[in-house]
Amino acid sequence: MSSMEIDFKQYELRCQLRGHEDDVRGICVCGSEGIATSSRDRTVRFWSLDSSDKRKYVSSKMLLGHSSFVGPLAWIAPDEEFPEGRIVSGGMDTMVFVWDLRTGEKVQSLKGHQLQVTGVVLDGGDIISSSVDCTLRRWRKGQPVESWEAHKSAIQAVIKLPSGELVSGSTDTTLKLWRGKTCLHTFSGHTDTVRGLAVMHGLGILSASHDGSIMLWAQSGEVLMVMVGHTSIVYSVDAHVSGLIVSGSEDHFAKIWKDGVCVQSLEHPGCVWDAKFLENGDIVTACSDGVVRIWTVDQENIADPVELEAYASELSEYKLSRKSVGGLKLVDLPGLEALQIPGTSDGQTKIVREGDNGVAYSWNMREQKWDKIGEVVDGPDDSMKRSVHDGVQYDYVFDVDIGDGEPIRKLPYNRSDNPYDTADKWLLKENLPLSYRQQIVEFILQNTGQKDFNIDPTFRDPYTGSSAYVPGQPSYASGISAKPTFKHIPKRGMLVFDAAQFDGILKKISEFNNTLLADLEKKDLSLTEPEISRLGAIVKILKDTSHYHTSRFADVDIALLLKLLKSWPVAMIFPVIDMLRMTVLHPDGATVLFRHVEVNDAVMEMIMKATTDPALPANLLTSIRAVTNFFKNSSYYGWLQKHRSDILDAFSSCLASPNKNLQLAYSTLILNYAVLLIEKKDEEGQSHVLSAALEIAEQETLEIDSRFRALVAIGSLMLEGLVKKLAMDFDVGNIAKAAKASKEAKIAEIGADIELLTKQS
């Protein structure tokens, strides 16, 4: 035992607070008055010490008013007007409420955030709130005072330092230190979302992250300590004046840290959303099983042996329920009593549960008994076939790219799971807006090949209380499927071409440059050494996708690319266009390029140069993909709308090309235009795009994805756009019928979607 651990006493269970009907999400210690907790069940509960047993707490108030799950909490100490104090709560419903603890009534409703509220903190008499909408807001006496965009990505937490500054933590992986609305410092070190923050008395700031680590920072930005031990997302962190730290994680443990070392792990039957210290050093934990637990080192306050034993057996059962042997869940295996039934053939095997293990038996026909073969373990093949995430095996573990320079997220999924349920839980776990839900479900279904998954009309979302939710459409009333459910429409978001062979691009540019150097007449068009290294620097920025939120382009970088597009021979520009295609996906690259587009439209010039007959397939492909990528950045929407006619005409020859990549790029461009012009309510533009999409969809010999994207464009335009009647005049019914008869499942599904639309009045 190290010297650090000598004076550390082990924590044991003190009591369990039952009352919440769903995950407990947040904890707020209200001085010595009691504890407030928030839950996914939409309530806030206040717990006071039990007068008959000082070890326990009883629920004395339930605060009802949020319409979705409740997260962060803060306590306002009693004063003359509110003798029992107040509670501030923030919810998924975008609201911040202030409650009078004496009456349990709401005294203020603070409305202003656009998305989920993730943090509330007191600053003197003001309330500061943070949100997934990227803003911090200040409220005074129930009124908004100021708000500012503090990060470019969702803010997940906010705290106030004893020195008066605020600290925010974000999905962009950074912490920011604020004095008023001025950012004094950005702390970079985590590699994933910063989810929880706390003050470490006299030392600095603690941060908990999705990257599994906890960091201690000096106010100057220096990392003083990194604590690694959790095997999954760390949701929360807190510190005690004694120097102890506690953290809560998706890995089902609350961990206690002393001098940077984990000295104890408190196991829970579910994810630990929050963990806080009481003033006396006891620890409160909030768990996904709906139970609040208090842990103590005080021998007099430890729960009685019966409760300790009950908790140990609850944990053991929970672990069993997650354990599998030979690909079978342990809890689903029969007990030893199954061996009383004789076998039917010699050598027949049976696996039964013995304690925490699965044991295989073989039927011995001659002796009429079951012979023990031995314990069953998952063989190497089993685990190789199945993906492991946080120590648990799944049928799939997907990498999900949310975009906007945010880190890649891991999404685990089993084929037996309900994709809606999986999507909901995952979005809540990652603190992402529930409006992504349909996209995540579609992503799961597409990537698991579940063509036959039907949405259950009686399905009720346990978190919002409504049926399957499609962004932009009203939620269905419970139990009524008044509106048909479409499988692939409306399309949300834009598709881009984001894979690139950067080394190949640079090699090609270098090859062309050598050709120019060797040609006396064209020598002056070649690149200088500094320009070649400039291109290398651009590629370096583009490759480092995890720092897209912080990396920047110089004006000369973009000017160099545009100069090459303008001056190089037409047969040599495709690798430069390809570089531009990737630059547009970089937030700052897109911004810098836009300044050039506004002044002299070098991009339209590039399109005309690349598509003029006889156009090289390489120029056509790189330029149509580049234009498609412009849809990723909303600042180009006006430009794309304005040049729609010229752009679609320039690339219309792609459809007749035998090149499948060109066909796919063209139908992707059409689909992105459909999404944009629906949003812009541009009827003339929608008509143009509809006729182009119908032309693609009619070609039954076309590559599947190209045809599919065109059909999705048609369906989305008919469902949400202004051109349904026009589509009917173009006899879209026959196109839908032909698609529905396709052997390709997704073509048949989108065909069915469109046919359903034709039958609606």
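Just so it is clear, the model here is predicted, and its values are computed rather than measured. (Residues numbered from 1 in each chain as written. Predicted model: local features only at pLDDT ≥ 70, side-chain atom pairs only at ≥ 80, totals over all residues. Heavy atoms only, no water.)

### A closer look at the overall build of the chain
Argument step 1. Scanning the chain from N- to C-terminus turns up 20 helices and 37 strands.
Argument step 2. Put simply, the chain has 761 residues, and 54% of those count as buried.
Argument step 3. Sequence-distant contacts in the chain: of pairs separated by 6 or more residues, those separated by 24 or more amount to 52%.
Argument step 4. Carbon and sulfur atoms form 51% of the exposed surface of the chain, whose accessible area is close to 33500 Å². (Helix = DSSP H or I, 4+ residues; strand = E, 2+ residues; numbered from the N terminus. Buried < 20%, exposed > 50% of the residue type's maximum accessible area, 1.4 Å probe, protein only. Contact = heavy atoms within 4.5 Å. Areas by Shrake-Rupley, 256 points an atom, 1.4 Å probe, with all protein chains shown as cover.)

### Some words on the environment of lysine 540
Argument step 1. By the element assignment, lysine 540 lies in helix H7 (residues 529-543).
Argument step 2. Lysine 540 sits 38 residues away from phenylalanine 502 along the chain, and the two C-alpha atoms are 9.2 Å apart.

### A word on the UniProt feature "repeat: WD" (unreviewed entry) in the chain
Argument step 1. According to UniProt, the positions carrying the feature "repeat: WD" (unreviewed entry) are residues 17-57, 63-109, 148-178, 187-217 and 227-258.
Argument step 2. Taken end to end, residues 187-217 is 0% helix and 65% strand, and its two terminal C-alpha atoms sit 8 Å from one another.
Argument step 3. Taken end to end, residues 227-258 comprises 0% helix and 59% strand; its first and last C-alpha atoms sit 10 Å apart. (UniProt positions renumbered as here; feature names shortened; annotations may be inferred.)

### Comments concerning a nonpolar patch on the surface
Argument step 1. Taken together, Val223, Val226 and Val228 make up a surface patch of nonpolar side chains, about 250 Å² in accessible area.
Argument step 2. Structurally, valine 226 is set in strand E21 (residues 223-228).
Argument step 3. Overall, valine 226 belongs to the partly exposed group, its relative accessible area being 44%. (Patch = residues over 30% accessible without salt bridge, like charges linked within 9 Å, V, L, I, M, F, W, Y side chains within 5 Å. Salt bridge = Lys/Arg side-chain N within 4 Å of Asp/Glu carboxyl O.)

### Notes on the nonpolar core
Argument step 1. Ranked by size, the top nonpolar core spans 100 residues in total, and within it Trp568, Ile607, Leu640, Ile647, Phe651, Tyr673 and Ile714 carry the most contacts.
Argument step 2. A total of 12 residues in this core trace back to one element, the largest contributor, which is helix H15 (residues 660-679).
Argument step 3. Contacts of isoleucine 607, omitting those with residues within four sequence positions, involve Val627, Trp639, Ile647, Ala650 and Phe651.
Argument step 4. In this structure, Tyr413, Trp426, Leu428 and Ile440 belong to the second largest nonpolar core, which totals 17 residues. (Core = buried A, V, L, I, M, F, W, Y, C linked by side-chain atoms within 4.5 Å.)

### Considering unusual backbone geometry
Argument step 1. Cis geometry marks the peptide bond from isoleucine 489 to proline 490; its omega dihedral reads -5°.
Argument step 2. Mapped onto the elements, proline 490 comes out in the loop between helix H5 (437-448) and helix H6 (502-518).
Argument step 3. For the bond running from aspartate 613 to proline 614, omega is -10°, close enough to zero to count as cis.
Argument step 4. Residue position: proline 614 is located in the loop between helix H11 (602-611) and helix H12 (617-630).
Argument step 5. The phi dihedral of arginine 42 is positive, around 80°, even though this residue is not glycine.
Argument step 6. Tracing the backbone through its elements, the reader meets arginine 42 in the loop between strand E3 (34-39) and strand E4 (43-49).
Argument step 7. What makes arginine 42 partly exposed here is its relative accessible area of 28%.

### Remarks on the pattern of salt bridges
Argument step 1. According to the stated counting rule, one finds 37 salt bridges in the structure shown.
Argument step 2. For glutamate 367, the salt bridge identified is with arginine 366, shortest N-O distance 4.0 Å.
Argument step 3. Between aspartate 503 and lysine 543 there is a salt bridge; the shortest N-O distance is 3.2 Å. On the criterion of sequence distance, the pair formed by aspartate 503 in helix H6 and lysine 543 in helix H7 is long-range, its members being 40 residues apart.
Argument step 4. For lysine 543, a relative accessible area of 46% translates into the label partly exposed.
Argument step 5. The network of salt bridges with shared partners includes Asp123, Asp126, Arg138, Arg140, Glu146 and Lys160.

### Focus on the sheet that holds strand E18 (residues 194-200)
Argument step 1. Spatially, 4 strands are ordered E18-E19-E20-E21 in an open sheet, and the strand pairing comes out antiparallel. In this open sheet, the two edge strands, each paired with only one partner strand, are E18 and E21. For this sheet, the mean inter-axis angle between neighbouring strands, taken without regard to orientation, is 20°.
Argument step 2. In the sheet, strand E19 (residues 204-209) pairs with strand E20 (residues 213-217) via 4 bridges, with the strands oriented antiparallel. For isoleucine 205, the partnering residue across the bridge sits in E20 and is tryptophan 217. (Pairing = 2+ DSSP bridges. Axes fitted to C-alpha atoms, helices over the stretch in contact; angles between N-to-C directions.)

### Things to note about helix H2 (residues 305-322)
Argument step 1. Helix length check: H2, at 18 residues, gives a terminal C-alpha distance of 26 Å against a target of 26 Å (1.5 Å per residue), a fit within 8%.
Argument step 2. By the burial criterion, the buried members of H2 are Glu307, Tyr311, Leu315 and Leu320.
Argument step 3. Structurally, H2 contributes buried residues whose contacts are with strand E1 (12-18), strand E25 (261-267), strand E28 (291-296) and strand E31 (349-354). (Expected span 1.5 Å × (residues − 1).)

### Re the pairing of strand E8 (residues 96-100)
Argument step 1. Among the 5 residues of E8, 5 are classified as buried, and the element is accordingly described as predominantly covered.
Argument step 2. Neither face of E8 is open: one carries Val96, Val98 and Asp100, the other Phe97 and Trp99, and all of them are buried.
Argument step 3. Bridging between strand E7 (residues 86-91) and E8 involves 5 bridges; their strand directions are antiparallel. Directly across from arginine 86, in E8, lies its bridge partner aspartate 100.
Argument step 4. Hairpin connection, E7 to E8: the antiparallel pair is bridged by 4 residues, and threonine 94 has positive phi, about 75°.
Argument step 5. Linking E8 to strand E9 (residues 105-110), which pair antiparallel, is a turn of 4 residues; within it glycine 104 sits at a positive phi near 80°.

### Focus on the packing of helix H17 (residues 704-720) against helix H20 (residues 745-759)
Argument step 1. Relative orientation of the contacting elements H17 and H20 amounts to 20°, with a least axis distance of 10 Å. As summarised for this structure, H17 and H20 are arranged roughly parallel, according to the angle between their axes. For the element pair H17 and H20, the recorded crossing hand is left-handed. Contacts from Ile704, Asp705, Arg707, Phe708, Leu711, Val712, Ile714, Gly715, Met718 and Leu719 in H17 reach Lys746, Ile747, Ile750, Ile754, Leu757 and Thr758 in H20.
Argument step 2. The class makeup of the residues in the contact of H17 with H20 is 11 nonpolar, 2 polar and 3 charged. (Parallel < 35°, antiparallel > 145°, perpendicular 65-115°, else oblique. Left-handed = near helix turned anticlockwise from the far one by under 90°. Nonpolar A, V, L, I, M, F, W, Y, C, P; charged D, E, K, R; others polar.)

### Looking at the confidence of the model for the chain
Argument step 1. Looking at the chain as a whole, its pLDDT mean stands at 87, while 90% of the residues score no less than 70.
Argument step 2. Across residues 378-385, where pLDDT falls below 50, the model places 7 contacts with residues more than four positions away in sequence or in other chains.
Argument step 3. Taken as a whole, residues 456-483 scores under 50 in pLDDT and shows 54 contacts with residues more than four places along the chain or in a different chain. (pLDDT = per-residue confidence, 0-100.)

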